[in-house]
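The lines below spell out each chain.
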Amino acid sequence: MTALESKQALTLLGDDAEDTARWMVGRTSGAFESRRLQLLDTVPGVIDYYSEGTAALAADAYMDARAGVAGSYAAAPIVLDRTVKIRRGVAWASEPLVAGELDLTAARMAKLARTEMTRPYRDTTLRNGAADGMFVGYRRIARGESCGFCKALADRGAVFKQGTAYFAAHDNCQCTAAAAFVGQPQGPEASVMQYTASKRRRTPAEKARINAWAASYA
Ligand SMILES: [Zn+2]
């Protein structure tokens, strides 16, 4: 599977997770507090299920990308513990049910499910990379609907070699990371602008420059 095919599989799984989350909201019944409890009891397990799936998908993609690279390494699926954050997210997504707003609740729940299940895919790629001596860095795989910022970061198949533990992501863009290895033909290393834009913290001056630069990719 190529990085793009793997991303397409991830997109399918994400659509499925969204559908399931919406369906679950529609299936709740009773008073608000009861419905919220039903969602708190069930949605985290569904997110776990999809998270296992995307982590396994990423581990496979990692090994496929690594084919022909020297030295042996076995990528393991990685799902970090997000229990508290996911429960908080489900509680937040359920809030509109107080006013009987089913559509808004379903939209929030779908977004939460998608965001959370996309995360283990990236974590699996980046954490295995950090443990693998032949890993050089990652490429960002954006998509047509991704924002200018994400497209700018993905431009030219640039490889991010520094600070690979952090990966800035937007809910709507669903960017993923593809691993690059020693000895493989690959894109140029990320530019100074690309590195600056992918930092966790930026100065106001950096932000202004990055926004102007990313706008040209939108
Ligand atoms: Zn984006």
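Residues numbered from 1 in each chain as written. Predicted model: local features only at pLDDT ≥ 70, side-chain atom pairs only at ≥ 80, totals over all residues. Heavy atoms only, no water.

**Here we look at the pattern of salt bridges**
And step 1. Under the criterion given, the structure shown has 8 salt bridges.
And step 2. Salt-bridge contacts for Asp132 lead to Arg66; the nearest nitrogen and oxygen are separated by 2.8 Å. Here Arg66 lies in helix H2 (residues 32-66) and Asp132 lies in the loop between helix H4 (102-131) and strand E1 (135-141), a separation of 66 residues in the sequence.
And step 3. In this structure, the salt-bridge partner of Glu206 is Lys199, at a minimum N-O distance of 3.3 Å.
And step 4. Given the relative accessible area of 14%, Glu206 is considered buried.
And step 5. Looking at Lys199, the relative accessible area reads 37%, which means it is partly exposed.
And step 6. Several salt bridges converge on common partners, so that one network encompasses Asp15, Glu18 and Arg114. (Salt bridge = Lys/Arg side-chain N within 4 Å of Asp/Glu carboxyl O. Helix = DSSP H or I, 4+ residues; strand = E, 2+ residues; numbered from the N terminus. Buried < 20%, exposed > 50% of the residue type's maximum accessible area, 1.4 Å probe, protein only.)

**A short note on the coordination of the zinc ion**
And step 1. For the zinc ion, every protein donor is listed as Cys147 (SG), Cys150 (SG), His170 (ND1) and Cys173 (SG), and the spread of their distances is 2.0 to 2.4 Å.
And step 2. Because the angles between the 4 donor atoms bound to the zinc ion fall within 101 to 121°, the donor set is best described as tetrahedral.
And step 3. When the donors of the zinc ion are listed by position in the chain, the intervening gaps give C-x2-C-x19-H-x2-C. Of this pair, Cys147 sits in the loop between E1 and helix H5 (148-154) while Cys173 sits in the loop between strand E2 (159-160) and strand E3 (176-181), and the two are 26 residues apart along the sequence. (Donors = N, O, S within 2.8 Å, 3.2 Å for Na, K, Ca; no water. Tetrahedral: all angles 85-135°; square planar, octahedral: opposite > 155°, others 65-115°.)

**Some points on the sheet that holds E1**
And step 1. Spatially, the 3 strands line up as an open sheet ordered E2-E1-E3, and their pairing is antiparallel. At either end of the open sheet lies a strand with only one pairing partner, and these are E2 and E3.
And step 2. Here E1 pairs with E3 via 6 bridges, running antiparallel. Each residue of the ladder has a partner; that of Arg140, found in E3, is Ala177.
And step 3. In the packing of helix H1 (residues 3-27) onto the sheet, the strands contacted are E1 and E3, and the crossing angle to E1 comes to about 55°.
And step 4. In the packing of H2 onto the sheet, contacts are made with E1 and E3, and the angle to E3 comes to roughly 30°. (Pairing = 2+ DSSP bridges. Contact = heavy atoms within 4.5 Å. Axes fitted to C-alpha atoms, helices over the stretch in contact; angles between N-to-C directions.)

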